[in-house]
Each structure stands twice: as C-alpha cells, then as structure tokens.
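Structural characterization, general
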Amino acid sequence: MVEDQIVDGTLGEDERAPSTNELAAFSRINPATAAKGVNLLVDKGVLYKQRGIGMFVAPGARDRVLAERRELFADRFVAPLLEEARKLGLPPDDVARLIRERASRTAH
C-alpha cells in the first residue's frame, strides 16, 4: 500500500508515511506484521526513520520502487512470454509486433 502511494504520487519524497499503528488499523493486521513491512521498506531504502517523529519517504524512493517492479514484471511476465514465443518459433520482432497490435486494440 505504501509503495503504491509512492508510485502514484500520493506520498512524495520526505513526506511523512503512515505509522505502523495506522497501517495495522487500516489493513486490520497485527501491528507486529505492519512493523515488519515498514522495516522491509526501510531496508530497501524506500522509507527512513526520524527518531521520535515517524517514518518518511526517502529521496529517490519512487525510482527504486519502479525499478524493482519493472524487474519483477520482466521476471513474472516477459520471461515466460519469451520462452513460449521461442517454443512457437516466434522471433522477437514478431512478439513485439503482436504486443503493439494488442496494445493498440485495448487503447481504443
């Protein structure tokens, strides 16, 4: 949820992020679970702690999140697509053409 807010611009750099308790209440999860999630975001450099004040969005967080999500997208979707294309004998140019055709159909 926090990463989504960073990506869509709801949370900007150096803005205060929701507290562990706020996240736990909103998501109806255990505060310890929310704290684990927040700590993961700190470890990834997405959030930073200001002692006694709260959690804030780190400079460059949006770029880090987008880079991670692009890599995950490539692993989850592009790699299997290319493997299937290889099995079908479709060269990369044909795959790209198919993607462009489908994208133009769904854009209308």
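Summarised in this report is the structure supplied together with it. (Residues numbered from 1 in each chain as written. Predicted model: local features only at pLDDT ≥ 70, side-chain atom pairs only at ≥ 80, totals over all residues. Heavy atoms only, no water.)

**Remarks on a nonpolar patch on the surface**
Selection rule: Patch members must show over 30% relative accessible area and no salt bridge, and they are joined within 9 Å when carrying like charges or within 5 Å when they are nonpolar side chains of Val, Leu, Ile, Met, Phe, Trp or Tyr. Surface exposure here means Shrake-Rupley accessible area, sampled with a 1.4 Å probe, where a residue is shielded only by the protein chains that are shown. Any Lys or Arg side-chain nitrogen found within 4 Å of a carboxyl oxygen on Asp or Glu counts as a salt bridge. The helix count covers DSSP runs of H or I at least four residues long, the strand count covers runs of E at least two residues long, and both are numbered beginning at the N terminus.
Taken together, the side chains of Leu81, Leu82 and Ile99 define a hydrophobic patch exposed on the protein surface, amounting to about 250 Å² of accessible area. Tracing the chain through its elements places Leu82 in helix H4 (residues 61-88).

**Remarks on the nonpolar core**
Soluble globular proteins tend to pack their nonpolar side chains together in the buried interior. Put simply, the rule reads: Among the buried residues, those of types Ala, Val, Leu, Ile, Met, Phe, Trp, Tyr and Cys that are joined through side-chain atoms within 4.5 Å form a nonpolar core. Burial classes follow relative accessibility: with a 1.4 Å probe on protein chains only, a residue under 20% of its type's maximum area counts as buried, one over 50% as exposed, and anything between as partly exposed. Note on contacts: a residue pair qualifies if any of its non-hydrogen atoms lie within 4.5 Å across the two residues.
Ranked by internal contacts, the top residues of the largest apolar core, which has 17 residues, are Val2, Ile6, Val46, Leu47 and Val57. Taken together, the elements giving at least two residues each to this core come down to helix H1 (2-7), helix H2 (20-27), helix H3 (31-43), strand E2 (54-57) and H4. Apart from residues no more than four positions distant in its own chain, Ile6 is found in contact with Leu11, Val46, Val57, Ala61 and Arg62.

**Overview of the pattern of salt bridges**
This model, assessed by the stated rule, comprises seven salt bridges. Here Lys44 makes a salt bridge to Glu3, at a shortest N to O gap of 2.6 Å. Taken together, the residues Lys44 in the loop between H3 and strand E1 (47-50) and Glu3 in helix H1 connect sequence positions 41 residues apart. As a salt-bridge pair, Lys44 and Glu68 come within 2.8 Å of each other at their nearest N and O atoms. Linking Lys44 in the loop between H3 and E1 with Glu68 in helix H4, this pair joins segments that are 24 residues apart in sequence.

**So, unusual backbone geometry**
Located in the positive-phi region is Asp14, a residue other than glycine, with phi close to 65 degrees. Along the chain, Asp14 turns up in the loop between H1 and H2. For Arg28, which is not a glycine, the phi torsion comes out positive at approximately 55 degrees. By secondary structure assignment, the location of Arg28 is in the loop between H2 and H3. Of the residues examined, Arg28 reaches a relative accessible area of 77% and is grouped as exposed.

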